[in-house]
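# Descriptive analysis of the structure
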Amino acid sequence: MNQVGYTALLLAVLISAYGVVAPVVAARTGQKEWARSAENACYAFAAATVIASVALLYALLTRDFGNEYVASYTSLELTWFYTISAFWAGNAGSMLLWVALLGIYTAIVVYQNRRKNREILPYVTSVLMTVSLFFSLILTTSHGSNPFAMIPGAPPANGAGLNPMLENPGMVFHPVTTYLGYVGFSIPFAFAMGALITKRLGDQWIRTTRRWTIVAWIFLTIGNIVGAWWAYVTLGWGGYWAWDPVENASFLPWLTGTAFLHSVMIQEKKDMLKVWNIVLIIFTFALTIFGTFLTRSGIISSVHSFGQSSLGPFFLGFLGLILILSLNLLFSRLELLRSRNELDSFLSRESSFLLNNLILVGMAFTILWGVLFPIISEAVTGNKVTVGPPFFDQVMTPIGLVLMFVTGVCPLIAWRRATFANLRKNFMYPAAVGVVTAIALVAFGIGDHIYAVISFSLAAFVVASVALEFGRGALVRRDMAGENIVRALGSLTWRNKRRYGGYIVHVGVVLLLIGVTGSYGFKQEQTQTLTEGQSMTVGSYELTYVSMENYNTSEKSVGRATFNVKENGRDLGLAYPVREYYFKKDQPWTRIDRQSTLGRDVYLMLLDYSPETGQVNMEVNINPLVSWLWIGGIVMVIGGIVAIWPDRRDSLRLAARYERQARLDEI
Amino acid sequence: MALMLSAAPAAAVPPTSSVSDAIMCQCGCGAVLTNCPHQECGWGVPAKLFIAQQLANGKTPEELVQYYVSQYGEQALSAPTKRGFNVAAWVTPFVVMVVGGVAIYFLARLWARPSEDDPAAIGDGVPALAIDSSRLRRLEDELRKFD
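Attention here is on the structure that accompanies the text. (Residues numbered from 1 in each chain as written. Chains lettered and ligands numbered in written order. Predicted model: local features only at pLDDT ≥ 70, side-chain atom pairs only at ≥ 80, totals over all residues. Heavy atoms only, no water.)

### Some thoughts on the nonpolar core
- Formed by 163 residues in total, the largest nonpolar core has its most connected members in A:Phe135, A:Trp205, A:Ile289, A:Phe315 and A:Phe391.
- Among the nonpolar cores identified, the runner-up in size contains 34 residues, and A:Leu412, A:Phe427, A:Val466 and A:Tyr503 belong to it. (Core = buried A, V, L, I, M, F, W, Y, C linked by side-chain atoms within 4.5 Å. Buried < 20%, exposed > 50% of the residue type's maximum accessible area, 1.4 Å probe, protein only.)

What follows is the structure, given as structure tokens:
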């Protein structure tokens, strides 16, 4: 099967090279045979990469230790579930995953557009095949990136096994969803390039790729949230986001992608910001490549990096090429992209979207600035400095609060034109809710935590403003359609999926930020050495060390402590933090236990223990409200799904709108 | 929520994280000491124990941070100081945001139609959905035709 896989990859290189050229020939000559052949090349590329993926999966599941990749990331003891995740545990497998996903996405694009966008499609597929060619070449020619490289001589009897930190369900889903997001942004980028090349610079390319963009955004959201959850339950430091350079790298395209999702609405409604939208999607796509570069360049040390690799210069070169070619193309079309740039009023939803874009892009700039500042500082002063979490926490917090404010304000401002009188009327209830929340929080004694008070108050303000939007709409529907209020809410959302899906996403963001505020601002921690029967106290929690159980398996020794947890004397049950030692990897590992409620997590880490004396060294964190972070993530994803759910009425409305526009253009 | 959050009592000894958040782990992982992913880190684990002991002995977090700076240089800090060229790290994002905000203000003013009472404009300040019932009825009728 290894030979089959490698041959499929070689074929993928040839097919993608053909797929770069053939569509351009088709477009230039207008010959349908070339166009059909180019499209078939996309299907063939997808098939070749899927065959290669199946071959690698087969090698992993059958423990073909003659395959270097299989021997490095699996062992006889590894369960089948984590054997699947070994597919993307290393550099070569994760690159194959990237290529296969891009192949599948490209095939779907070709199929979806078999009867539409015919002028632009050849260039779209040519761009996608160029990206595919780059990755396929890396897979087949770069040392250490071939997932089918064989070990010289006899295969080992057993493999090295998976890194214990990857043996977690989060690691099964986090890389796949992140890649689904990263790769997904290739599609709107390719359409933008196609639009520039063919000079079809209306909003057709945006309408065509709207769902692709949201799908990419949803997957990247899931990827980031699951990654944070994985860090929280696996790495054992009690947190979920460390502003690690690679975390930053996956947050950057999410921010610019979110800005893009908002600003395209202005182009759709007002035919404005055409250049800005193309700039945003170019940088969003470039940032996905930048993230891939960071993990493979070896220039940073990170829990995410694939160790030393020689791929950095290739990725940097490719990144440079993308930026030079796409920006050059953009500049050459500037004249055609000139918009009317006319707002009906300074005070309008459109203006607030400009502000929202400023903040999202400003956040992306801040992160990039933080990542690059050590290099700049060393170049200017010769001093090496580190830019870590305290910098990002301090700088991003106020910007994040402004973003939260804008999230609440946007729905209150009318499209096209708002007046101060109506604004005042719309603001009244949400602002009152926010102020009452602030007063209540200060009255309950958390006035010292000023950022937390602002954050929770803004959260209340945003939720109130979204509730007002839903409430008003539902009341109108109830009066009009005679539905009860619950049904009216449902049909309101169902009939305006894009709009109300977006509001649900906003609520998700707020819930997430409540989780972040609570767990950052009010965390309590305690480290203590205990013997059996002793207790430790953290805030209002008392944890009693009951017993220690030791046992060995074929791959590890396990120490499992039992703790009784009480809150203000009330029994909360038992917790079982674990300390393991992996023989083959000579690696100790902690598996945390936690008691989670909506109010807080009691998070227990067994840092060390002595099998002889039974003494344990424990770290216990109380993380308030952290569950809301995960709930917020789920709500964001639900909102995204609502927003892209197919709607015949939407399609018809848009079709009618564009037909009207076409008629007007003719006049 | 407030009741739950206000339950936090004041700790007598500052937590280890008051120091381990402020300095980088020196094992080469590139992470802040608190977040070092190597659970058996040869540098980080003893350092955390040392910090916990020193804090229990009455040392302040500032003294301990200074100790690590004297040992490993300014690079040991997890964030740039707010002195000299490092000020640029802290100020630049806000300067960029303010400049961007001013630019957007003037752009929006420039792009806004001069006449504020343009009859073509709809949405008299009420959010777009809160349209009057006759319009909604018409919209519903039109949508029904599509169905």
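So, next bit.
### Examining the pairing of strand 5 (residues 570-575) of chain A
All names here are of chain A.
- Across five bridges, the pairing between strand 4 (residues 556-567) and strand 5 is antiparallel. Bridged to Glu567 within strand 5 is Arg570.
- Where strand 4 folds back on strand 5, the antiparallel hairpin that results is connected by two residues, among which Asn568 adopts a positive phi of roughly 50°. (Pairing = 2+ DSSP bridges. Helix = DSSP H or I, 4+ residues; strand = E, 2+ residues; numbered from the N terminus.)

### A closer look at the packing of aromatic side chains
All names here are of chain A.
- This model, assessed by the stated rule, comprises 46 aromatic pairs over all chains.
- The interplanar angle of 50° and the centroid separation of 5.7 Å between the aromatic rings of Tyr232 and Trp630 together place this pair among those described as tilted. Here Trp630 lies in helix 19 (residues 627-644) and Tyr232 lies in helix 9 (residues 204-235), a separation of 398 residues in the sequence.
- Classification of Tyr232 as buried rests on a relative accessible area of 0%.
- Between Trp243 and Phe392 the ring centres are 5.0 Å apart and the planes differ by 20°, which places this aromatic pair in the stacked class. You can see Trp243 sitting in the loop between helix 9 and helix 10 (245-270) and its partner Phe392 sitting in helix 14 (residues 389-409), a full 149 residues away along the chain. (Phe/Tyr/Trp six-rings, centres within 6.5 Å; stacked < 30°, edge-to-face > 60°.)

### Overview of a nonpolar patch on the surface
All names here are of chain A.
- A contiguous nonpolar surface patch, about 660 Å² in accessible area, is contributed by Met1, Val4, Val50, Ile51, Val54, Tyr58, Ile104 and Ile108.
- In terms of residues, the nonpolar patch owes the most to one element, helix 2 (residues 32-61), which gives four residues.
- On the accessibility criterion, Tyr58 (46% relative accessible area) is partly exposed. (Patch = residues over 30% accessible without salt bridge, like charges linked within 9 Å, V, L, I, M, F, W, Y side chains within 5 Å. Areas by Shrake-Rupley, 256 points an atom, 1.4 Å probe, with all protein chains shown as cover. Salt bridge = Lys/Arg side-chain N within 4 Å of Asp/Glu carboxyl O.)

### Some details on the sheet that holds strand 8 (residues 593-596) of chain A
Residues and elements named next belong to chain A.
- Read across the sheet, four strands follow the order 1-10-9-8 without closing on themselves; strand pairing throughout is antiparallel. Each edge of the open sheet is held by one strand with a lone partner, namely strand 1 (524-530) and strand 8. Sheet twist, expressed as the mean angle between neighbouring strand axes with direction ignored, is 15°. (Axes fitted to C-alpha atoms, helices over the stretch in contact; angles between N-to-C directions.)

Taken by themselves, the reported measurements are silent on function.
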